[in-house]
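Listed below are the residues making up each chain.
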Amino acid sequence: MNRFSLPHLGIGVGLRTRHYQHILEREPAVDWFEIISENYLQTQGRPLYYLDRVAERYPIVMHGVGLSIGSSAPLDGDYLRELKALHDRVRAPWLSDHLCWTGIAAQNTHDLLPLPYTEEALWHVVQRVREVQAFMDAPLLLENPSTYLELEDSIMPEWEFLSAVAREADCGLLLDVNNVYVSAFNHGFDAQTYLAGLPKDRIVQLHVSGHTHCGTHLVDTHIGPVIDPVWQLLGQAQRLSGASVLLEWDAEIPDFEATHAEALRARAYMGARS
Amino acid sequence: MSDRLPQPMAADGPAYAAERASATPAHVWTQAPRAAHPRDAHLPRPAGLHALQTWLVEAICGPEPAATAGVVKDGPRLSGAERLDIYRHAYSARLQECLRDDYPVLAQTLGDARFARLCQEYVARHPSRGPSLNAFGRHMPELCRSTRELQSAAAFYAELASLEWALVEVTHAAGPAPLSLQDLQRVPPDAWGRARLTGSAALRVLRFEHPVNAHYQACRAHGEVLPLPAASPSATAVYRRGVELWRMDLTPAMTRVLRALLGDASLAEALGCIYVDASDPAAVAEAERSVMTWFQSWVANGFFSAVV
């Protein structure tokens, strides 16, 4: 259904270390797994041992938090080379990272920092997405981040910026519906407006997860079950795009069966095709 | 010298299964933001992407909250300063969480408050520069040694940190197929003295002035804060066998032989490190028996990857 003819993988689960043993011993019927790319960089040991064995049995997609596509610092060549080697190793159909920046040359915050949605930032990101896709020789999807502040410099809303980047750089989108929900609460925009503003044929993958309500703001903690309004957004986005679905669960992670059962709740909200 | 068999101890635990790259700290990022206190209301507004990002990194990672007017919008429920403070808190929490993953027993031994202060000092002195956090904690032994607050116990804490960092290193080290006893049996008898062994990349041999491994083991077993041990030299091999992490205590003689072998000494040269009285046949015979026992154990535990 996407314009890139990338495959529909079904419903997947984020691969987490606590589940390694279960997955290798039981080989549960999971459509696919997504890895956090950085967990398998700068290592030649145990993480890769498990990854290789999971990749022999299941499709793997790579999801990063360190590309820093919006940083004004040059792209990190060492990081890209490691990422490409990992991509070749697991034969991922695509890789993804966030529409954000994580730091500048001297300091990495390891956070997904918001960009100013300006013309300058737009063309900066477009150029870098083109470079990354050419270097990786693989499709790159950009994910909308959860954010907790907005910058005065911004001249357009995030969905317009993200859509423009995708169009001009010709890349796909990873739409995280929980992030839409979180940012909508934190910044006071309408999640439906966000969804309506995106090019559906560029949405290749969807993320869904839990979050934490802190009273004054929501935090994208990837904790606990997904709340119904987020499932509703997931169903809506999936029916419009036909995209593959993935559950992220990163804090207080339950056993594999419970995690997978939570992911499979997506079926109730998705279109008949899936 | 002793011919006692080493007793490897499993070192695996949930800490080493921690996911490291997530952008969201697992536990500590959900506190309500504190109101920021602008330090300089006259800060010029950054112009352009690079200037803005430079400003934001300083505002998030710097020691004091920054004035946000004109840069960060106020939100529906939080001011710009409060919104920025969410990121300031997350920065510190994320890196502290990473260090706690790497140094669970150091954290347990120091207690939450002292470990948190040590982490703050660590983050200030050694900010992360690259996209991966796998090697972020490597400076902890050095920091412990030079931290005034740890005072007379600094040497012990530094040694404990070295043991825990060795566990991290062997987790991520390459694990080529270990040398087997069958491989060794292919070495002709007349070539044994000249043979040299290549150590596994997933092996570290550590010498301490304190019984660090015993303290580590007791803390892991009891899960409580234990008194600091008195000085007493010890040595421990930290290694990975397959996917499991192990620790093996070594006697001084074992340590000398093993370090010599890993330092590219020939087998004959390494055996000379036992320091046995060559004029005493009984002592020589005992030494030979001991060395065979050690050697078989080291090979069985994958300490070597090749023989040349």
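None of the values given here were measured: they were computed from a predicted structure.

(A) Fine view of the overall build of chain B. For chain B, the count of helices and strands is 11 helices and six strands. Out of the 308 residues in chain B, the part that is buried amounts to 41%. Sequence-distant contacts, at least 24 apart, represent 72% of the contacts inside chain B between residues at least 6 apart.

(B) Inspection of the overall build of chain A at higher detail. For chain A, the count of helices and strands is nine helices and 12 strands. At 18 Å, chain A has a C-alpha radius of gyration in line with the 19 Å of a compact globule built from 274 residues. C-alpha extents for chain A along the principal axes are approximately 50 × 40 × 35 Å. The burial tally for chain A puts 54% of its 274 residues in the buried class.

(C) Summary view of the domain arrangement of chain B. Residues and elements named next belong to chain B. Domain boundaries in chain B define domain 1 (1-13 + 173-308) and domain 2 (21-133). Contact residues are listed per partner, giving four residues for domain 1 and four residues for domain 2. Partitioning the side of domain 1 that touches domain 2 into residue classes produces three nonpolar, no polar and one charged.

(D) Structural view of the sheet that holds strand β12 (residues 244-248) of chain A. All names here are of chain A. Pairing in this closed barrel of eight strands is parallel, and the strands run β1-β2-β3-β4-β7-β8-β9-β12 around the ring. Taking the axes of each pair of neighbouring strands and ignoring which way they run, one obtains an average angle of 30° across the sheet. Pairing between strand β4 (residues 95-98) and strand β7 (residues 140-143): four bridges, direction parallel. By the bridge assignment for β7, His-98 is matched with Glu-143. Those strands touched by helix α8 (residues 228-241) are β8 (172-176), β9 (203-209) and β12, and its axis lies near 170° from that of β9.

(E) Broad picture of the pairing of β4(A). Residue and element names in this part refer to chain A. Residues Leu-95 and Asp-97 line one face of β4 and the alternating positions Ser-96 and His-98 line the opposite face, and both faces are buried. By the bridge criterion, two bridges tie strand β3 (residues 60-63) to β4 in an arrangement that is parallel. By the bridge assignment for β4, His-63 is matched with Ser-96. In this fold, the crossover linking β3 to β4 by way of helix α3 (residues 77-90) has right-handed handedness.

(F) Quick look at the interface of chain B and chain A. The interface is formed by 55 residues belonging to chain B together with 54 residues belonging to chain A. Mapped onto the side of chain B that touches chain A, the elements with two or more residues apiece are α1 (49-61), α2 (80-102) and α6 (154-172) of chain B. Take the side of chain B that touches chain A: its biggest share by element is nine residues, from α1(B). Considering only residue class, the side of chain B that touches chain A consists of 29 nonpolar, 18 polar and eight charged.

(G) Inspection of unusual backbone geometry at higher detail. Residues and elements named next belong to chain A. In this structure, Ser-5 is a non-glycine residue whose phi angle is positive, near 55°. With respect to the helices and strands, the residue Ser-5 is situated in the segment before β1 (11-14). Under the C-beta neighbour-count criterion, Ser-5 is labelled exposed, with 6 such atoms within 10 Å. Even without being a glycine, Asp-137 presents a positive backbone phi close to 55°. In this fold, Asp-137 is placed in the loop between α4 (119-136) and β7. Overall, the presence of 9 C-beta atoms within 10 Å leaves Asp-137 in the exposed class.

(H) Highlighting helix α11 (residues 281-300) of chain B. Residues and elements named next belong to chain B. With 20 residues, α11 should cover 28 Å at 1.5 Å per step; its first-to-last C-alpha distance of 29 Å lies within 8% of that length. Taken residue by residue, α11 has Ala-287, Ser-290, Val-291, Trp-294, Phe-295 and Trp-298 as its buried positions. Take α11 and look down its axis: the buried residues cluster within an arc of 135°, on one side only. In α11, the exposed positions that point more than 90 degrees away from the buried face belong to Pro-281, Ala-282, Ala-285, Arg-289 and Met-292.

(I) Looking closely at the pairing of β8(A). Residue and element names in this part refer to chain A. Among the five residues of β8, five are classified as buried, and the element is accordingly described as predominantly covered. Of the two faces of β8, the one lined by Gly-172, Leu-174 and Asp-176 and the one lined by Leu-173 and Leu-175 are each fully buried. Looking at chain direction, β7 and β8 are connected through three bridges and run parallel. Within β8, the residue paired with Glu-143 across the bridge is Leu-174. Considered for its hand, the β-α-β crossover made up of β7, helix α5 (residues 158-169) and β8 is right-handed. In terms of strand pairing, β8 meets β9 through four bridges, oriented parallel. From the neighbouring strand, Asp-176 faces β9, where its bridge partner is His-207.

(J) Quick peek at helix α8 (residues 212-222) of chain B. Residues and elements named next belong to chain B. Buried within α8 we find Val-212, Asn-213, His-215 and Tyr-216. Around the axis of α8, the buried residues are gathered within 160° of arc, so they sit on the same side. Exposed residues pointing more than 90 degrees away from the buried face of α8 are listed as Ala-221 and His-222. Phi for Gly-223, located one or two positions after α8, is positive at around 65°.

(K) Focus on the environment of Val276(B). You can see Val276(B) is positioned in the loop between α10 (267-271) and α11. For the pair Val276(B) and Pro189(B), spaced 87 residues apart in sequence, the C-alpha separation works out to 23 Å.

(L) Expanded view of the confidence of the model for chain B. All names here are of chain B. With 86% of its residues at a pLDDT of 70 or more, chain B has an overall mean of 86. Put simply, strand β1 (residues 9-10) is where chain B has its lowest mean pLDDT, 70, and strand β3 (residues 203-208) is where it has its highest, 97. Considering only residues more than four positions removed or in separate chains, one finds that residues 1-5, a stretch of pLDDT under 50, has 13 contacts. Both scores are available for the predicted complex, with the pTM at 0.90 and the ipTM at 0.96.

(M) Expanded view of the nonpolar core. Counting residues in each nonpolar core, the largest one holds 153 residues, and the members touching the most others are Leu142(A), Val165(A), Leu173(A), Val177(A) and Leu234(A). Residue contributions to this core peak at 11 residues, all from α6(B). Both domains that furnish three or more residues to this core are identified here as domain 1 (1-13 + 173-308) and domain 2 (21-133) of chain B. What Leu142(A) contacts, discounting residues up to four positions off in sequence, is Asp97(A), Leu99(A), Val129(A), Leu162(A), Val165(A), Ala166(A), Cys171(A), Leu173(A) and Leu174(A).

What counts as what
Residues numbered from 1 in each chain as written. Chains lettered and ligands numbered in written order. Predicted model: local features only at pLDDT ≥ 70, side-chain atom pairs only at ≥ 80, totals over all residues. Helix = DSSP H or I, 4+ residues; strand = E, 2+ residues; numbered from the N terminus. Buried ≥ 20, exposed ≤ 12 C-beta atoms within 10 Å, placed from the backbone. Contact = placed C-beta atoms within 7 Å. Rg over C-alpha atoms; globule rule 2.2 N^0.38 Å. Domains from an automatic or database assignment. Nonpolar A, V, L, I, M, F, W, Y, C, P; charged D, E, K, R; others polar. Pairing = 2+ DSSP bridges. Axes fitted to C-alpha atoms, helices over the stretch in contact; angles between N-to-C directions. Right-handed = clockwise from strand over helix to strand, strands pointing away. Expected span 1.5 Å × (residues − 1). Arc of directions from axis to C-beta. pLDDT = per-residue confidence, 0-100. Core = buried A, V, L, I, M, F, W, Y, C linked by C-beta atoms within 7 Å.

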